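Here is how the chains run, residue by residue.
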Amino acid sequence: MKNPLLETFQTKYNSAPFDFIKEEHFQPAFEELVRQAEAEIDAIVENPEAPTFENVIEALAYSGSQLDIVSGIFFNLNSAETNDEIQKIAQEVSPLLTEFSSKISQNEELFRKVKAVYDNTPSENLNGEQQMLLNETYKGFVRSGALLGEDEKNTLKDINIELSKKSLQFGQNVLAETNAYFRHITNREELAGVPEAILAQYEAEAKERNLDGYVVTLQFPSFVPLMKYAENRELRREISIANGQKSFKNNEFDNQKLIREIVQLKDEKAKILGYTNYAQFVLEERMAKAPEKVETFLQELLAKAQPYAEKEIETLKELATKDGIDELQSYDHAFYAEKLRKQKFDIDDEELKPYFQLDKVQDAVFGLAKRLFGLKFVETTDIQKYHPEVKTYEIFEDDAFKALLYTDYFPRAGKRAGAWMTSYRSQFKKHGADHRPHISVVCNFSKPMGDMPSLLTFQEVTTLFHEFGHALHGILADTTYPNLSGTSVKWDFVELPSQFMENYCYEPDFLKSFAVHYQTGEVLSDEKIEKISSSKNFMEGYQTMRQLGFGLLDLAYHTKAANVDDIKTFETQETEATNLYPANPETALSPSFSHIFQGGYSAGYYSYKWAEVLDADAFQYFKENGIFNPDIAQKFKKLLSSGGTVDPMELYKSFRGSEPKIESLLKRAFGDQQI
């Protein structure tokens, strides 16, 4: 039986042949492609010619391309359309891939050749991208243990394999817990305050489960509206606790032991490689450079944000007191924040949703990309898809094919929560051909129901712009080597384009171009747009403190591994300075903190706020010169297309003319408020 993953894809743009892929194809494909990739490495090592940039560094950069493509297909499915079989395969192939990676990074003969090129190639013989590739390749080997003794190399390999297994298990546990919980409600009065559109959503969920009444789940489009609108405080408390107990219930899906094991393994890895802790190891390769600088950055923002946050919470407490609540709790926050927002700005998410039809919002995103960067999006039906809800688009620039885009917008049992951008193929150039990228944007928005299309909250509008910013980083990629392409940049730089794009959602003229009522065709009024703009910084102090809490907790896990014993105690201690509500002993964030225990944000969660400084400063540049200024847009396009070929600070300075200023963020966040 032919395995489509081992054949040349006979599809348009060599896109993933989803129609022909079966679960049983993956394991043998991985085994064969690892063997082929190992043969490519052997060919580099056994080449009798003297080591050169071309026959070592460049050959290594292009090696394993089919393995990378199949890995992209498989792990994207594991996030967006998983099942028990795929999860089982993931547990099998992750160690295989980790071991393969270790074999490369710890191949002494290969490293000897890399080092020979690194030591003996004059920098003037290479262009900037080649020099970056050489430096990154050499550092990659050293950071993977190439200078270690044999015993330490073996220990490091074992650690990496264990980490890959445990990180996967962490995510699978969170997904299982998210899918397992639902709250069945038969009495509509229990859902007093919840808007009709959300009730219809809960009713549809109940019908899918063959139940009467309503069903609330922990999926984002279900959970968040309940916390925001339900007048039933006890129900809010119950759902909040259920969400906060994900993988924190001492059952088969509990992640507490896994967290301790993961942080200990990371700490051991860092120490073997000569670092004090895992954060030091990670941050050496980030813009921030060191844990101390991250700590200083977070504490500086904390000092600025805290008085604003405390004032905001006091205002909410005054509201709650009128309802007879003596002590405001975290599960009250969204409800009273929404109540205050309505009072202060007379603005209601559910009232706004009819103006934000998903298709119109997407058209606006596409239109913005055309206006700024000259991109044209054309929907196509001849690209194979992994699920019927997925849509595909060809992207052109000056009639030349630029990229392929997959969009996947609605929740499913096999899809993890949240929103993300990913890729199936990276952009690169080889033998005169420019191989263009295949990009995917995945979200969890409310599904269309009957005659009602998918309608977004304003926060979901910004989410789509955010993820599309990441997509642009991939779409506009224009580099020679795949490992320096698109989003292959320093981690604390990667959020710049995504957070930058969110700024356009608050620009009145642009907002009016797509905020149109899906039934009446009425354009969102100037009054409401003004309220959206005015409410941009609403609860900014609280939101900043919340993000700083995540960042400080992440940093603590990766600098204080020896102190991690009781997860709840550790979490409470490390976030105490940012907590604005009493800690709930029944819940914990860490066991479902997938960003740092499953995703790639270990010791890097601070990068969200770091990138906010970058995006605030970058957009300020546009604001001063016109938000669609073509010359500045071209400079920003150059920044995006350069990927990881240039040091990010140098890249930013070439765009902006100076380093980013934290004052730009503070001005945007708190400039119009008075304490």
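Residues numbered from 1 in each chain as written. Predicted model: local features only at pLDDT ≥ 70, side-chain atom pairs only at ≥ 80, totals over all residues. Heavy atoms only, no water.

A.B. asks: So what about the packing of aromatic side chains? Which residues, and what values?
C.D. replies: The relation between two aromatic rings is expressed through the spacing of the ring centres and the mutual angle of the planes. Within this structure, the stated rule accounts for 56 aromatic pairs. Relative to Y581, the ring of Y542 has its centre 6.4 Å away and its plane inclined at 65 degrees; by these criteria the two rings are edge-to-face. Of this pair, Y542 sits in helix α21 (residues 540-557) while Y581 sits in the loop between α22 (567-574) and α23 (594-597), placing them 39 residues apart in sequence. Accessibility assignment for this pair places Y542 and Y581 in one class, buried. A ring pair is formed by Y557 and F597, whose centres lie 5.2 Å apart and whose planes are at 80 degrees; its orientation type is edge-to-face. Of this pair, Y557 sits in helix α21 while F597 sits in helix α23, and the two are 40 residues apart along the sequence. With a relative accessible area of 0%, Y557 lands in the buried category. Here the guanidinium or amino end of R209 rests over the ring plane of F182, the centre of that ring lying 4.5 Å away. Geometry around F628 places R371 over its ring, the cationic atom sitting 3.6 Å from the centre. (Phe/Tyr/Trp six-rings, centres within 6.5 Å; stacked < 30°, edge-to-face > 60°. Helix = DSSP H or I, 4+ residues; strand = E, 2+ residues; numbered from the N terminus. Buried < 20%, exposed > 50% of the residue type's maximum accessible area, 1.4 Å probe, protein only. Lys NZ or Arg CZ within 6 Å of the ring centre and 35° of its normal.)

A.B. asks: Now, about the packing of helix α8 (residues 196-208) against helix α9 (residues 220-229): what can you tell me, with residues and values included?
C.D. replies: Interhelical geometry of α8 versus α9 gives an angle of 135 degrees and a closest axis separation of 11 Å. One way to sum up the angle between α8 and α9 is to call them oblique. In the packing of α8 onto α9, the handedness of the crossing is left-handed. Between α8 and α9, the residues in contact are I198, Q201 and Y202 and P221, S222, P225 and L226, respectively. (Axes fitted to C-alpha atoms, helices over the stretch in contact; angles between N-to-C directions. Parallel < 35°, antiparallel > 145°, perpendicular 65-115°, else oblique. Left-handed = near helix turned anticlockwise from the far one by under 90°. Contact = heavy atoms within 4.5 Å.)

A.B. asks: Please provide a residue-by-residue account of the pattern of salt bridges, values included.
C.D. replies: Tallied over the entire structure, the rule returns 54 salt bridges. Between E285 and K139 there is a salt bridge, and its shortest N-O distance comes to 3.0 Å. Of this pair, E285 sits in the loop between α12 (278-283) and α13 (291-322) while K139 sits in helix α6 (residues 128-143), and the two are 146 residues apart along the sequence. We classify K139 as partly exposed; its relative accessible area is 30%. Where R183 meets E238, a salt bridge forms, and the shortest distance between an N and an O atom there is 2.6 Å. Here R183, found in strand β1 (residues 182-185), pairs with E238, found in helix α10 (residues 233-244); they are 55 residues apart in sequence, far enough to count as distant. Connected via shared salt-bridge partners are E81, E389, D408, R412, K415 and K447. (Salt bridge = Lys/Arg side-chain N within 4 Å of Asp/Glu carboxyl O.)

A.B. asks: Can you explain the sheet that holds strand β6 (residues 420-425)? Please cite residues and give values.
C.D. replies: Read across the sheet, five strands follow the order β3-β4-β5-β9-β6 without closing on themselves; strand pairing throughout is mixed. With partners counted over all chains shown, the strands left at the sheet margins are β3 (375-380) and β6, one partner each. With direction set aside, neighbouring strand axes in the sheet form an average angle of 25 degrees. Both strand β4 (residues 391-397) and strand β5 (residues 400-408) contribute to a ladder of seven bridges, which runs antiparallel. Along β5, the bridge assignment pairs E394 with L404. (Pairing = 2+ DSSP bridges.)

A.B. asks: Give a description of the nonpolar core that names residues and reports values.
C.D. replies: If you look at the biggest cluster of nonpolar residues, it comprises 140 residues, and the most contacted ones within it are F356, F465, F468, Y557 and F622. Per-element accounting of this core gives the leading share, twelve residues, to α13. Once residues within four sequence positions are removed from consideration, F468 is found in contact with V365, F366, A369, F377, L405 and M501. Formed by 57 residues, the second largest nonpolar core is a distinct cluster that contains L97, Y386, L404 and Y406. (Core = buried A, V, L, I, M, F, W, Y, C linked by side-chain atoms within 4.5 Å.)

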